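# Architecture and fold: a report
Here is how the chains run, residue by residue.
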Amino acid sequence: MLGLRESLQNYNPDIEIVEWEKHEGMIDVPSRDLPDLLTFCLSMSPRPIWLTHVVNDERQLGNGFCLYLVLHFPGNDFSVTLVAKDIKEDFPSLTLIYPALNWSEREAQDLFGLNAVGHPDPRSLVLHPGWSKEFYPLRKDHKVGKEAKAFKVAPLEFPQAHGEGIFEVPVGPIHAGIIEPGHFRFYTIGEAVLHLEAQLFFTHKGIEKLLEGKSIEEGLRIIERVCGVCTVSHALAYSEAVEKLAAIEVPRQVLLWRTILAELERAYNHVGDIGNMCAGVGFALGNANGSQCKEKLQRLNSDFFGHRFLRGIVVPGGLRSIPSQKDSQAILDRLHELAYDFEEWIPLLLNHDGFRQRAVNTGVLNPVSAIDLGVTGPAARASGIANDWRELHAHLLYPELKVNSMIEHGGDAWSRLVVRVKEARESFRFLKNLLQEGTKGPVYEYENSKLFLEQKLRPWQPAWGCVESPRGTDVIWLMMDDENKIYRCRIRSASYANWPAVPLTVPGNIVPDFPLINKSFELCYSCCDR
Amino acid sequence: MLSLLLRKLKMGRLTEKDGNLLSSQKSSKLPSSFTKSLQIRHLDCGSCNGCDWELTAIGNSLYDHQHFGIDFVASPRHADLLMCTGPGSTQLLYAAHETYEAMPKPKWVVAVGDCAINGGVFKGAYASAEGIGNVLPVDIKIPGCPPSPDNIMKALLEVMGKS
């Protein structure tokens, strides 16, 4: 921490880090100084990672529009929020300095009507053509009404490719199978892809606006459903933010079971995703084994926690309930069997030449692009970037488990598969250790959490929570108003951070490889589109 | 190859025929004429992905919908049933209409999950319809957040007149 403060003050003596949490601080910056300061921060070693970028309409507080950029400095395990206040209409674009901010700046233009000056690609992103002009739903003076009816369907906008033998292959938004919607436009010569444009946000529902004015409990119900399969991660990130605002620490027993839940979520997702990658190349055996193992893990979730996707267990301040010692033993036994089975079927696909041939060198994400775009999760780790939030930041019981980022260097679909295999193995091992403690632990009084929901939280104070989901780092940024209602909640999911990288990995591959590449990233559309 | 064979012998047959109680609501005009096969087109209308994963789950070796003559098809032209998940996000409604129009008659729409039935937790969001019923004529509802694969299978078997 000291090193960070000193180097920032060497850069500019006026910079003051206001600390408000053990691992966190804030720096007020005039928006015009943001580009220089960010350039300086990015030149530091180890390089900071991007957590979230939030625009907030604080005009009624006299702050104008505010921009919060949360950066984490891994070496110090310290996160700094750069705050630029009093933005009227324009703010300097940071995209050319840090391409990871491309999408969130375009989103600020769409949803707040602000102007990112100098942005290289100011097309609208979240709102498709067809919405009425001056429709800025995240401004506070915008009242939700009948906008959806005012939407007139208009053609999507894409760049044109010219040249002999170049074809455009439009795919989607609706695909052949049980998949979420998104439109992909391949520009091809023969079978090889020259360029890919992805138009997402078909499942955009306006969740961030919906959350405004909701109580903590109502908010939780929605946050749990931002993403179907990262329920625990999102709920934990949200709870962390709320607990910071209430300035409370949760007991160890709660941390233990939260870690178990997070790892159960990782395990069932990773085995399912491994199976799904096999489906991407039509390798039915791998898919059958993966989906069967996933089903058994989900049944375990349902039997002991009451929900196949683990919904409704994590609450701010605690947990709804905790399995008894007897149940902990039963979970342990069932997981032991599943872990044994996992080791039996995984070699069937790792040793399968046909599958290997399809996946090796397919969809390569080079490390430079991964860093520039702020890619997170297995996708980053498969490109050699050790950025597992469980290792970077001491939270839950992860410091005791001594998490190591599982790294591969190929950057291809195969590496992403191997990273998942290794992480699933680790998860089974962690669960074994954690559950052994669970079989001894005292009984947890969860009445506290009920009281907690009525507790008064600090108003107008930004707080964020961050959790490593199976797809990468999920961040939830929260600000409450003085009536204990949500004023602004920004959801930056792992999928949102990773999606811009996917089209980069496709050129040079053939169109039929796209399902495999897409599935090797295994990103949600829902938590990206919100 | 040997390891594969050993695994097959060890696992045996996995498909489970029975599930839990059914809570689907079937409209009276629906014929039970799909006794042999049922072709389904899935449509994600802005769901959180939870229902979609449960629809995927009915294809795993424990439920194995293909065992019962149920299949998810790639084109609406081949489909008897349109299974919708999610509350109906504004930017997808046009595509949803097109899909429905592309289906041959007679055709039916199933709303899978609470969102598709009445908007669920997303009720009131500016870019979401309150249920797919406001957009397409829904014949069957399968409630749940998300409904379990058991419930989805039961509902489908009832549509087929097999329950």
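## Things to note about the interface of chain A and chain B
- Between chain A and chain B, the residue contacts involve 60 residues of the former and 49 residues of the latter.
- Note on chain A versus chain B: buried area summed over both sides is about 4300 Å², and carbon and sulfur give 61% of it.
- Of all the secondary structure elements, the ones that give two or more residues to the side of chain A that touches chain B are helix H4 (147-150), helix H5 (207-211), helix H6 (216-223), helix H9 (284-305) and helix H10 (325-350) of chain A.
- Among the elements that take part in the side of chain A that touches chain B, H9(A) stands out by supplying 10 residues, more than any other.
- Among the residues making up the side of chain A that touches chain B, the classes are represented as 30 nonpolar, 14 polar and 16 charged.

## Structural notes on the pattern of salt bridges
All names here are of chain A.
- Here the structure, examined in full by the defined rule, presents 40 salt bridges over all chains.
- In this structure, Arg420 and Asp273 form a salt bridge, with 3.8 Å as the shortest nitrogen-oxygen distance. You can see Arg420 sitting in helix H16 (residues 413-438) and its partner Asp273 sitting in helix H8 (residues 252-280), a full 147 residues away along the chain.
- Exposure remark for Asp273: the relative accessible area of 1% places this residue in the buried category.

## As for the confidence of the model for chain B
Residue and element names in this part refer to chain B.
- Per-residue pLDDT for chain B averages 84, and the proportion of residues at 70 or more is 89%.
- The low-confidence segment residues 19-24, where pLDDT is below 50, has 15 contacts with residues more than four positions distant or belonging to other chains.
- Here the complex is predicted with pTM 0.91, and the ipTM for its interfaces comes to 0.89.

## Things to note about the packing of aromatic side chains
- Considering all chains together, one arrives at 20 aromatic pairs over all chains under this definition.
- Centre to centre, the rings of A:Tyr268 and A:Phe309 are 6.4 Å apart; their planes meet at 70 degrees, and the pair counts as edge-to-face. Placement of the pair is A:Tyr268 in helix H8 and A:Phe309 in the loop between H9 and strand S11 (314-315), with a sequence separation of 41 residues.
- Among the residues examined, A:Tyr268 registers a relative accessible area of 0% and is labelled buried.
- A connected cluster of aromatic rings, assembled from ring pairs, spans A:Phe184, A:Phe186, A:Trp499, A:Phe514 and A:Tyr525.
- Taking NZ or CZ as reference, B:Lys107 lies 4.4 Å from the ring centre of B:Tyr100, over its face.

## Some remarks on the packing of H9(A) against H10(A)
Residue and element names in this part refer to chain A.
- At a minimum axis distance of 10 Å, the contact between H9 and H10 shows a crossing angle of 175 degrees. Here H9 lies roughly antiparallel to H10, going by the angle between them. Of the residues in H10, those touching H9 at Leu285, Gly286, Asn289, Gly290, Cys293, Lys296, Leu297, Arg299, Leu300, Asp303, Phe304 and Phe305 are Asp327, Ala330, Ile331, Arg334, Leu335, Leu338, Trp345, Leu348 and Leu349.
- When its residues are assigned to classes, the contact of H9 with H10 shows 13 nonpolar, 3 polar and 5 charged.

## Here's the deal with the sheet that holds strand S15 (residues 486-492) of chain A
All names here are of chain A.
- Read from one edge of the open sheet, 3 strands run S13-S14-S15, paired in antiparallel fashion. Both edges of this open sheet fall to strand S13 (463-469) and S15, since each of them pairs with a single strand only. Strand-to-strand twist of the sheet, defined as the mean angle between neighbouring strand axes without regard to direction, takes the value 15 degrees.
- Pairing geometry for strand S14 (residues 472-480) and S15, over 6 bridges, is antiparallel.

The rules behind the values
Residues numbered from 1 in each chain as written. Chains lettered and ligands numbered in written order. Predicted model: local features only at pLDDT ≥ 70, side-chain atom pairs only at ≥ 80, totals over all residues. Heavy atoms only, no water. Contact = heavy atoms within 4.5 Å. Buried area = accessible area lost by both parts, 1.4 Å probe. Helix = DSSP H or I, 4+ residues; strand = E, 2+ residues; numbered from the N terminus. Nonpolar A, V, L, I, M, F, W, Y, C, P; charged D, E, K, R; others polar. Salt bridge = Lys/Arg side-chain N within 4 Å of Asp/Glu carboxyl O. Buried < 20%, exposed > 50% of the residue type's maximum accessible area, 1.4 Å probe, protein only. pLDDT = per-residue confidence, 0-100. Phe/Tyr/Trp six-rings, centres within 6.5 Å; stacked < 30°, edge-to-face > 60°. Lys NZ or Arg CZ within 6 Å of the ring centre and 35° of its normal. Axes fitted to C-alpha atoms, helices over the stretch in contact; angles between N-to-C directions. Parallel < 35°, antiparallel > 145°, perpendicular 65-115°, else oblique. Pairing = 2+ DSSP bridges.

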